Amino acid sequence: MLPWFRLWNLVKRKRTVKPFATKKITGETAGRNIPRENRSWHFFGLSCYNPPNPVRFFDLAVILAYLALVTWFGARFKEKQTSLKEYFLGGRTAPWWAIALSIVSAETSTLTIIGTPPLAYAGSYVFLQIVFGYLLARVVITTLFLPAYFQGQLFTAYELMQRRFGPRVRKVTAAIFMVTRSLAEGVRVFAISIVLGIILHTSGPASIFVIIAITLFYTFEGGMTAVIWTDVIQMGMYVLGAAVSFFVLLGGIPGGMNHVIDVAGAAGKFQVFDFHWSWTQPYTIWAGIIGGCFLTTASHGTDQLVVQRLLSAKSQRESRLALLSSWFVIFFQFSLFLTIGILLWVRNNGRAFPKDQLDRLYPSFVWEALPIGIAGLVMAAIIAAAMANLSAALNSLASATVIDFYQPLTRSRHTAEHYLKVSRWSTVAWGVVLAAIGVVASHWGSVLESGLSIASVTLGILLGVFLLGILTKRPGENAAIAGVIAGAALMLFIKLETKIPFTWWVLIGSSCTFTVGWLAAFVVKERPGKERKQTS
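Conventions we followed
- Position numbers for residues start from 1 in each chain and track the written sequence from start to end.
- Totals for whole chains, interfaces and linings use every residue, but because this is a predicted model, local features are given only for residues with pLDDT of at least 70 and side-chain atom pairs only at 80 or more, for both listing and counting.
- The basis for every side-chain value is the complete set of heavy atoms in the structure, and neither hydrogens nor water enter the calculation.
- Note on conventions: DSSP H or I runs of at least 4 residues are helices, E runs of at least 2 residues are strands, and numbering of each starts at the N terminus.
- For every residue, the accessible area (1.4 Å probe, protein chains only) is compared with the maximum for its type, and the residue is labelled buried under 20%, exposed over 50%, or partly exposed between those bounds.
- Areas reported here follow the Shrake-Rupley algorithm with a probe of radius 1.4 Å; residue values treat only the protein chains shown as occluding.
- Only heavy atoms matter for contacts: two residues are in contact if any of them lie within 4.5 Å across the pair.
- Each patch is built from salt-bridge-free residues with over 30% relative accessible area, joining like charges within 9 Å and nonpolar side chains (Val, Leu, Ile, Met, Phe, Trp, Tyr) within 5 Å.
- For salt bridges, the criterion is a side-chain nitrogen of Lys or Arg within 4 Å of an Asp or Glu carboxyl oxygen.
- In this scheme Phe, Tyr and Trp rings, the latter by its six-membered ring, pair at centre separations within 6.5 Å, and the angle between planes marks the pair as stacked below 30 degrees, edge-to-face above 60, and tilted otherwise.
- pLDDT measures how confident the predictor is about each residue, on a scale from 0 to 100.

**Some words on the overall build of the protein**
Each helix and strand in the protein was counted, giving 19 helices and 2 strands. The burial tally for the protein puts 60% of its 536 residues in the buried class. Summed over its atoms, the accessible surface of the protein is roughly 21300 Å², and 66% of this surface lies on carbon and sulfur atoms.

**Focus on the environment of Leu-89**
Counting through the fold element by element, Leu-89 comes out in helix α3 (residues 84-89). Sequence separation between Leu-89 and Thr-156 is 67 residues, and the spatial gap between their C-alpha atoms is 9.5 Å. Those residues within four positions of Leu-89 in sequence are excluded, and the remaining contacts are Leu-84, Leu-154, Phe-155, Met-224, Gln-308, Leu-311 and Ser-312.

**Re a nonpolar patch on the surface**
Together, Phe-273, Phe-275, Trp-277, Trp-279, Trp-286 and Ile-290 make up a nonpolar patch on the protein surface, roughly 640 Å² of accessible area in all. When you line up the elements, Trp-279 lands in the loop between α9 (256-266) and α10 (285-301).

**Section: the packing of aromatic side chains**
One pass over the full model with this rule turns up 19 aromatic pairs. Centroid distance Phe-127 to Phe-334: 5.2 Å. Interplanar angle 40 degrees. Geometry classified as tilted. Of this pair, Phe-127 sits in the loop between α4 (96-122) and α5 (128-149) while Phe-334 sits in helix α12 (residues 316-347), placing them 207 residues apart in sequence. Their ring planes at 80 degrees and their centres at 5.0 Å tell us that Trp-518 and Phe-522 sit as a pair that is edge-to-face. Here Trp-518 pairs with Phe-522, and both are found in helix α19 (residues 505-523), just 4 residues apart, close to one helical turn. Of the residues examined, Trp-518 reaches a relative accessible area of 38% and is grouped as partly exposed. Judged by its relative accessible area of 40%, Phe-522 is partly exposed. In textbook terms, an aromatic cluster arises when at least three aromatic residues are bridged by ring pairs, as seen for Phe-132, Phe-273, Phe-275, Trp-327, Phe-328 and Phe-331.

**Considerations on the confidence of the model for the protein**
Per-residue confidence for the protein gives a mean pLDDT of 79; residues scoring 70 or more make up 82%. Below pLDDT 50 for its whole length, residues 1-53 participates in 93 contacts with residues either more than four positions away or in separate chains. Long-range and interchain partners of residues 528-536, a stretch whose pLDDT sits below 50, account for 26 contacts in this model, where long-range means more than four residues apart.

**Considerations on the pattern of salt bridges**
In total, this model carries 5 salt bridges according to the counting rule given. Across the pair Arg-170 and Asp-404 runs a salt bridge, and its minimum N-O distance is 2.8 Å. With Arg-170 in helix α7 (residues 167-200) and Asp-404 in helix α15 (residues 374-409), this residue pair connects regions lying 234 residues apart in the sequence. In this pair, the class of Arg-170 matches that of Asp-404, namely buried. Asp-231 is paired through a salt bridge with Arg-309; the nearest N and O atoms lie 2.7 Å apart. On the criterion of sequence distance, the pair formed by Asp-231 in helix α8 (residues 204-251) and Arg-309 in helix α11 (residues 304-311) is long-range, its members being 78 residues apart. Among the residues examined, Asp-231 registers a relative accessible area of 0% and is labelled buried.

**A closer look at helix α14 (residues 361-369)**
The element α14 is largely enclosed, with a buried count of 9 among its 9 residues. The set of residues buried in α14 consists of Leu-361, Tyr-362, Pro-363, Ser-364, Phe-365, Val-366, Trp-367, Glu-368 and Ala-369.

Below is the structure:
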C-alpha cells in the first residue's frame, strides 16, 4: 500500500501542461525515454501522474473497499423486508431529506457524471436552460400529481390509471414505463462499463456483468429501504469525487480561475441563455423551459423510478418538500459537472476530439491524471452513481411487474411471503434484461443524449394519459387508449423522420395523446372508469 506521506506529496506536486506532441502519444509509448523519477504521462494532452496500462492496486483497493462497504450496508436491511409495502415503499418511514437525495441520485446517474462535462467541453453552459425547466416541472407535479397519488395507498403510479380509466390503461401505461425504463437504464449500464473498462481494462460485457451482479445483491435483499439509504451514501460519494476533480483540475491550470475566466470567456464558454427560436436546436431557452418542464413532469410525475420515491414519503407534505428541495442539488450538480468540462477544455488548450471519444474524456482524466488513491476515490464515486441509479431502476421495474401485472393476474390470492419472493426474483430477471440492453447500447452514440432521447420518446405518451385522467372527466378507457396509439405513431414519425431535438419530444407526444384522447371521447361513447380501491 502506498504510504500516506507519499500520497500527500503527490497531491502537492505541481503539474504543468505539456505541449501537444506532433506524433500521437499513447499509453504504450509515452514516457519510455524519460527517467522514471521525472516521468510524466500524457493522456488527452494532460500531464499525468500515473502510467495508463499497469493496474494500480491502491486505487483498486479503494474501489473494492467502497463496493464491499455499500453492498454490506444495503444487505443489512434484509430483515425488515416482510411485505410488499416494506420492499417497494420502505415502509414509508424514510425522512424527506433522504428521499430528496435519492431523487437526485436517480436524476443524475453516471450519464450525468461522464456525459455532462463533454457538453461544456464542446459547447458551453446552455444545457442549464433545461435545468430551469426542471424547477417549473416540480411545481406542476406538486400541484397536480401528488394530491392524486396520496389519495389512498398506492404502490405504483399506474394504479392511479386503473382508478380513473380501468385495468387496460393501467397495463398499457405500466408496459410503456417498463420498456422505456429498461432501454434508458441499459444506456446507463453501458455508461458505467466505460468507467470499469478504463479501470480494469475489461471488455464492455464483463464490466456490465460486474456492476449488475454487485448491485443486484443488495437490491435483492434490502428492497426500497436499501435503495434510498445507499443512494444517500452514494450521492455524497460522487459529489465529493466531483469536488476533488474540480480543485485538482483548477490547481493544475497556470493562472488558476482568472486564466479560466479569460480563456473560456473569450470563447463563449460561459453562455447560459440562447433566446433564438429553433425547432432543431436542443439547448435554447424555449426548449429548456418548455421542453425541460414537460420532460421532467413526465419523468418525475409518471415514471415509477421517481414516483416510487415520492410514494415512500411519510406524507404528501414531506413528498412535496423532498421533490422541491432536490432541484437545488440538481442545479448545483449540473453546474459543477459543466464547469469540470470547461476546465478540461482550458487545460487541453481547446483541443477537439471525435464525438465518440468525448464520453471517455472525464473518466480517463480521473484515472490517468489524478494522484494514486485520489483517482480510486473519484472512480468509486462514479461507480456509486451508477449503482444508485441501477438499484432504483431494478426495484421500480420489479414493483411494476408484480403490482401491475402479476398480482392482478393471480387476483391477490397468494400470501405476502409469496409476492415478496416473486418480487425479489423479478429484480434478478430485470438485471439480466438490463445487462443485455447495456451490451447493445454501445452503438447508440452519446450516452447522456441517448438516455434522454430514449426516455423522451415514450414519456410524452405517459404524461398525456396522466393529464387526460387528472384534468378531464369525460374520456374513458377506449378514448385513452386511442390517445396512446396516436401519440405513439406521432413519436415514431418524429424520431425517425424529423430533426426535431429530444427536448421537444415530450411536449409533442403529450399534446398529441391528450388531444386525441379528449376528442375521441366525443366519438366513443363510454362511461369514464370508476374509482377502484387498491386490492393489494
